[in-house]
Amino acid sequence: MNKFTSDNPYVTCGIKRADGKVVTKADTKPVMSGDKLNPIWDEMLELESWQPGETLEFTVYDRGLLGSKTEGKALLPSEFFNPNGFQGMLAIIGLPDAKLSVEVQIVGAQDGEPSPEQDPGLATSDAEAKENVAVPQRLAVSILQAHGLKHM
């Protein structure tokens, strides 16, 4: 069981592909002062290259004098935020009773990529446009705060 020492907690959000590989990561800034067991980041991160069916993986780290240590993870499968977004608390696996407050919105096609609305030739019908879209998407991910990162 992990022992959270609350040096300087921060969170990384990554896109977990179907093969289990995590790509396109973004980090919050470490919390340097205040309540480090219930840290507030209130940061918006932008991730690119997400596609429907891919999970978001949030990893909570504790940055100390000797480097960073993974303390726990939270997963958000795409069916929870696609297509209408998500706002809520995620359980942090590895830190019992700890939760991570996040918001996720799909903000559109990745820069330079046409969406079906922009290029009707990408789909032959409205049904196909909704089912077969493989256009990489951009996500706005807000990592608000964590609750219960207590010493174990």
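Because the structure is predicted, anything quoted here is derived from the model rather than measured.

About the thresholds
One numbering rule holds for all chains: residues counted from 1, following each sequence as written. It should be noted that, the model being predicted, local features are given only for residues of pLDDT at least 70 and side-chain atom pairs only at 80 or more, the latter also being counted only at that level, while totals for whole chains, interfaces and linings use all residues. Derived side-chain values reflect all non-hydrogen atoms in the structure, with water molecules and hydrogen atoms excluded from consideration. Here, a salt bridge means any Lys or Arg side-chain nitrogen found within 4 Å of an Asp or Glu carboxyl oxygen. Note on conventions: DSSP H or I runs of at least 4 residues are helices, E runs of at least 2 residues are strands, and numbering of each starts at the N terminus. In these notes, a set of buried Ala, Val, Leu, Ile, Met, Phe, Trp, Tyr and Cys residues joined through side-chain atoms within 4.5 Å is what counts as a nonpolar core. For every residue, the accessible area (1.4 Å probe, protein chains only) is compared with the maximum for its type, and the residue is labelled buried under 20%, exposed over 50%, or partly exposed between those bounds. Contact between two residues is taken to exist if any of their heavy atoms lie within 4.5 Å; hydrogens are not considered. Aromatic rings from Phe, Tyr and Trp, taking only the six-membered ring of Trp, are treated as a pair when their centres fall within 6.5 Å; an angle between ring planes under 30 degrees marks them as stacked, one over 60 as edge-to-face, and anything in between as tilted.

Engineer: Help me understand the pattern of salt bridges in this model?
Structural biologist: If charged atoms from side chains of opposite charge come close, those side chains can pair. If you walk through the whole model with that rule in mind, you get four salt bridges. One salt bridge in this structure joins Lys-16 and Glu-57, with 3.7 Å as the shortest N-O distance. In this pair, Lys-16 sits in strand E1 (residues 9–16) while Glu-57 sits in strand E4 (residues 55–64), placing the two residues 41 residues apart along the sequence. Among the salt bridges present, the one from Lys-73 reaches Glu-57, with a minimum N-O distance of 3.5 Å. One end of the pair, Lys-73, is in strand E5 (residues 67–76); the other, Glu-57, is in strand E4, and 16 residues separate them in sequence. Through salt bridges with shared partners, one network takes in Lys-16, Glu-57 and Lys-73.

Engineer: I tried to follow the nonpolar core on my own but got confused; where do I start?
Structural biologist: Generally speaking, soluble globular proteins have nonpolar side chains that are buried together. Core analysis: the largest hydrophobic core is formed by 31 residues, its most contacted members being Leu-56, Phe-58, Leu-100, Val-141 and Ile-143. Beyond its immediate sequence surroundings of up to four residues, Leu-56 is in contact with Cys-13, Gly-14, Ile-15, Leu-47, Trp-50, Ala-74, Leu-75, Leu-76, Phe-81, Val-104, Leu-139 and Val-141.

Engineer: Would you take a moment to explain the environment of Ser-142 for this structure?
Structural biologist: In this fold, Ser-142 is placed in strand E8 (residues 137–147). Residues in contact with Ser-142, not counting those within four places in the same chain, are Glu-43, Met-44, Ser-101, Val-102 and Glu-103.

Engineer: What exactly am I supposed to notice about the packing of aromatic side chains here?
Structural biologist: By convention here, two paired aromatic rings are described through the distance between centres and the angle between planes. According to the stated counting rule, one finds two aromatic pairs in the structure shown. Centre to centre, the rings of Tyr-10 and Tyr-61 are 5.1 Å apart; their planes meet at 15 degrees, and the pair counts as stacked. In this pair, Tyr-10 is assigned in strand E1 and Tyr-61 in strand E4, connecting sequence segments 51 residues apart. In this pair, the class of Tyr-10 matches that of Tyr-61, namely buried.

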